[in-house]
Amino acid sequence: AGEEVVVCYDAEADFLDVWERYGFFDQTNRIHTAEIHVPPSAVATEPAGGHFWIPESSAPLQCPLLFSLYRAANGSLGAAAADSEVQRHALAELAILIRRHLAGYPP
């Protein structure tokens, strides 16, 4: 894992305010990521859980959580599983984690 530098631009901003300014909603911004919380034991290769950045691109090396999900899917599906099956399983798990995270915010 690496290190993270956090700068508070607006202490009153809620999740949606920050996501709108710095995330997917602003197409003019260079940085298009969102951070989600992954509960402990939700991903086999990340037993402690934690906070993970989800970039706009789904390339595994650009998304450590997706890389971990690929490794977990490979382990659970076995070596005989096709790459497309592993990818489909990992992306489905990522979607579940994102939905679970977003469900924690008021509608």
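Owing to the predicted nature of the structure, the values given are computational and were not obtained by experimental measurement.

J.: I would appreciate a short explanation of unusual backbone geometry in the present structure.
T.: Trans is the common state for peptide bonds, and a negative phi is the common state for residues other than glycine. The backbone of S41 shows a phi angle near 70°, a positive value even though the residue is not glycine. Turning to its location among the elements, S41 is positioned in the loop between strand 1 (33-38) and strand 2 (50-55).

J.: Which parts of the structure should I look at to understand helix 2 (residues 64-77)?
T.: With 14 residues, helix 2 should cover 20 Å at 1.5 Å per step; its first-to-last C-alpha distance of 20 Å lies within 8% of that length. Where helix 2 is concerned, the buried positions are L65, L66, S68, L69, Y70, A72 and A73. Packed against the buried residues of helix 2 are strand 1, strand 2 and helix 3 (83-102).

J.: Please explain the confidence of the model for the protein chain as it appears in this structure.
T.: Regions with low pLDDT carry predicted coordinates that are not meant to be interpreted in detail. Counting all residues, the mean pLDDT for the protein chain is 79, and 69% of those residues have values of 70 or more. Helix 3 holds the highest mean pLDDT among the elements of the protein chain, 91, whereas helix 1 (residues 15-22) holds the lowest, 65.

J.: I keep staring at helix 3 and nothing clicks. Help me out?
T.: Working note: α-helix, 3.6 residues per turn, so residues spaced by three or four point in the same direction. With 20 residues, helix 3 should reach 28 Å at 1.5 Å per residue; the first-to-last C-alpha distance of 29 Å fits that figure. Every buried residue of helix 3 is accounted for by V86, A90, L94, L97 and H101. All buried residues of helix 3 project into a common sector of 70° when viewed along the axis, lining one side. Among the exposed residues of helix 3, those oriented more than 90 degrees off its buried face are R88 and R99.

J.: What's the story with the packing of helix 2 against helix 3 in this structure? I'm lost.
T.: To describe two helices that pack against each other, one gives the angle between their axes and the distance between the axes. Two elements in contact, helix 2 and helix 3, have axes separated by 8 Å at closest approach and are oriented at 125°. With respect to helix 3, the element helix 2 is oriented oblique. In this structure, the crossing between helix 2 and helix 3 has a hand that is right-handed. Between helix 2 and helix 3, the contacting residues are L65, L66, L69, Y70, A73, N74, S76 and L77 on the first element and E85, V86, Q87, H89, A90, L91, E93, L94 and L97 on the second. Here the residues of the contact of helix 2 with helix 3 are counted per class, giving eleven nonpolar, four polar and two charged.

J.: What am I meant to see in the nonpolar core here?
T.: Nonpolar side chains in soluble globular proteins tend to end up buried together. Counting residues in each nonpolar core, the largest one holds 16 residues, and the members touching the most others are V38, L65, L69 and L97. Among the secondary structure elements, those contributing two or more residues to this core are strand 1, strand 2, helix 2 and helix 3. It is helix 2 that contributes the most residues to this core, five residues altogether. Sequence-distant contacts of L69, defined by excluding residues within four places in its chain, comprise V43, A90, E93, L94 and L97.

Here is what the cut-offs are and how they apply
Residues numbered from 1 in each chain as written. Predicted model: local features only at pLDDT ≥ 70, side-chain atom pairs only at ≥ 80, totals over all residues. Heavy atoms only, no water. Helix = DSSP H or I, 4+ residues; strand = E, 2+ residues; numbered from the N terminus. Expected span 1.5 Å × (residues − 1). Buried < 20%, exposed > 50% of the residue type's maximum accessible area, 1.4 Å probe, protein only. Contact = heavy atoms within 4.5 Å. pLDDT = per-residue confidence, 0-100. Arc of directions from axis to C-beta. Axes fitted to C-alpha atoms, helices over the stretch in contact; angles between N-to-C directions. Parallel < 35°, antiparallel > 145°, perpendicular 65-115°, else oblique. Left-handed = near helix turned anticlockwise from the far one by under 90°. Nonpolar A, V, L, I, M, F, W, Y, C, P; charged D, E, K, R; others polar. Core = buried A, V, L, I, M, F, W, Y, C linked by side-chain atoms within 4.5 Å.

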